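Summary of structural features
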Amino acid sequence: MPIEQRVVSGPKIGGTNKIGGGSISSTPAVEAEKPAKKSRKKLLLIAGVVVLLAGGAAAYLLLGKGGGEPAAEPAPVPGAVLTVEPVSLNLTEGHYLRLGLALQLTQEAGEEAPDTARALDLAIALFSGRTVAEVSDPATRDALTAELAHQLSEAYEGEVMDVYLTNYVTQ
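First, a word on scope: everything that follows refers to the structure included in this document. (Residues numbered from 1 in each chain as written. Predicted model: local features only at pLDDT ≥ 70, side-chain atom pairs only at ≥ 80, totals over all residues. Heavy atoms only, no water.)

A look at the overall build of the protein
Scanning the protein for helices and strands turns up 4 helices and 3 strands. Its helices and strands in sequence order give the protein the pattern α-β-β-α-α-α-β, from N to C terminus. Taken across its 171 residues, the protein has 17% of its residues classed as buried. Of all intrachain contacts in the protein linking residues separated by at least 6 positions in sequence, the fraction that spans at least 24 positions is 67%. (Helix = DSSP H or I, 4+ residues; strand = E, 2+ residues; numbered from the N terminus. Buried < 20%, exposed > 50% of the residue type's maximum accessible area, 1.4 Å probe, protein only. Contact = heavy atoms within 4.5 Å.)

Below, the structure written as structure tokens:
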């Protein structure tokens, strides 16, 4: 006589995982699905954080300070020197200053010499009305010359890189 074997899938009849019996609240297939959903959410969350960190690092390196020192503007190359005729300026208490200038142009200025009227106007505005003691002091004279060079660089939009005093006489 042949032997018959049966395979029963699912919970045992009358048996539970708990001592004392009871009913099973969910099937094993549903329980396996819940951890899969949780692990998928965690994986997406971790992937999102990694993408944000990578994007932030790339932005920092490419746009921020992380790329090293920013490339400095190249220093202007000196060109011709343009001499300006000396002019007499009124100082306080009836004194005068005879001021002659030479403008150090950049190569970008080209062959055509710029108009010197702006340079004279800036020099007159900066030096006139000061006392003889002020314009005679070497430190003050250097500070005034540096200020004039800065004003000329802005006024001539980078065509003038420096200014030299060719005539400087007080009376």
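What to know about the pattern of salt bridges
One pass over the structure, following the stated rule, counts 1 salt bridge. Here Glu134 makes a salt bridge to Arg130, at a shortest N to O gap of 3.4 Å. Judged by relative accessible area, which is 31%, Glu134 ranks as partly exposed. (Salt bridge = Lys/Arg side-chain N within 4 Å of Asp/Glu carboxyl O.)

As for the sheet that holds strand 1 (residues 78–90)
The sheet built from 3 strands is open, its strands ordered 1-2-3 with antiparallel pairing. The open sheet is flanked by strand 1 and strand 3 (160–170), the only strands paired with a single partner. Strand-to-strand twist of the sheet, defined as the mean angle between neighbouring strand axes without regard to direction, takes the value 20°. Strand direction decides the pairing type here: strand 1 and strand 2 (residues 96–106), joined by 9 bridges, are antiparallel. (Pairing = 2+ DSSP bridges. Axes fitted to C-alpha atoms, helices over the stretch in contact; angles between N-to-C directions.)

Considerations on unusual backbone geometry
In this model, Glu93 sits at a positive phi of 60°, which is unusual for a non-glycine residue. Relative to the elements of secondary structure, Glu93 occurs in the loop between strand 1 and strand 2.

What to know about the side chain of Thr106
As for its position among the elements, Thr106 is in strand 2. Leave out the neighbours within four places in its chain, and Thr106 touches Pro76, Val77, Gly79, Gly158, Glu159 and Met161.

With respect to the layout of surface pockets
In this approach, a probe sized like a water molecule rolls over the atoms, and the result shows the empty space that is left. Looking at the largest pocket, its volume works out to about 170 Å³. Considering the residues around the largest pocket, the lining is formed by Glu73, Pro74, Ala75, Pro76, Val77, Thr106, Glu108, Ser153, Gly158, Val160 and Met161. A per-class count over the lining of the largest pocket returns 6 nonpolar, 3 polar and 2 charged. (1 Å grid on protein atoms, 1.4 Å probe; cavity = no way out; pocket = protein on both sides within 12 Å on 5 of 7 lines; lining within 4 Å. Points joined across faces, edges and corners; volume = space filled by probe spheres on them. Nonpolar A, V, L, I, M, F, W, Y, C, P; charged D, E, K, R; others polar.)

A word on helix 4 (residues 138–155)
The terminal C-alpha atoms of helix 4, which comprises 18 residues, lie 25 Å apart, in line with the 26 Å expected from a rise of 1.5 Å per residue. Among the residues of helix 4, Leu144, Thr145, Leu148, Ala149 and Leu152 are the ones counted as buried. Projection of helix 4 onto a plane perpendicular to its axis shows the buried side chains occupying an angular sector of 140°, all on one side. The exposed residues of helix 4 that point more than 90 degrees off its buried face are Ala139, Asp142 and Glu154. Next to the buried residues of helix 4 lie strand 2, helix 2 (117–127) and strand 3. (Expected span 1.5 Å × (residues − 1). Arc of directions from axis to C-beta.)

Notes on the nonpolar core
Formed by 23 residues in total, the largest nonpolar core has its most connected members in Leu103, Phe127, Leu148 and Leu152. Elements that contribute at least two residues to this core include exactly strand 1, strand 2, helix 2, helix 4 and strand 3. Apart from residues no more than four positions distant in its own chain, Leu152 is found in contact with Leu103, Ala119, Leu122, Val160 and Val163. (Core = buried A, V, L, I, M, F, W, Y, C linked by side-chain atoms within 4.5 Å.)

A few points about helix 2
Restricting attention to buried positions, one finds in helix 2 the residues Ala119, Leu122, Ala123, Leu126 and Phe127. Along helix 2, the residues classed as buried sweep out an arc of 110° about the axis, all on the same side. Facing away from the buried surface of helix 2 by more than 90 degrees, the exposed residues are Asp121 and Ala125. Along its buried surface, helix 2 packs onto strand 1, strand 2, helix 4 and strand 3. Remark: Gly129 follows helix 2 within two positions and exhibits a positive phi of approximately 85°.

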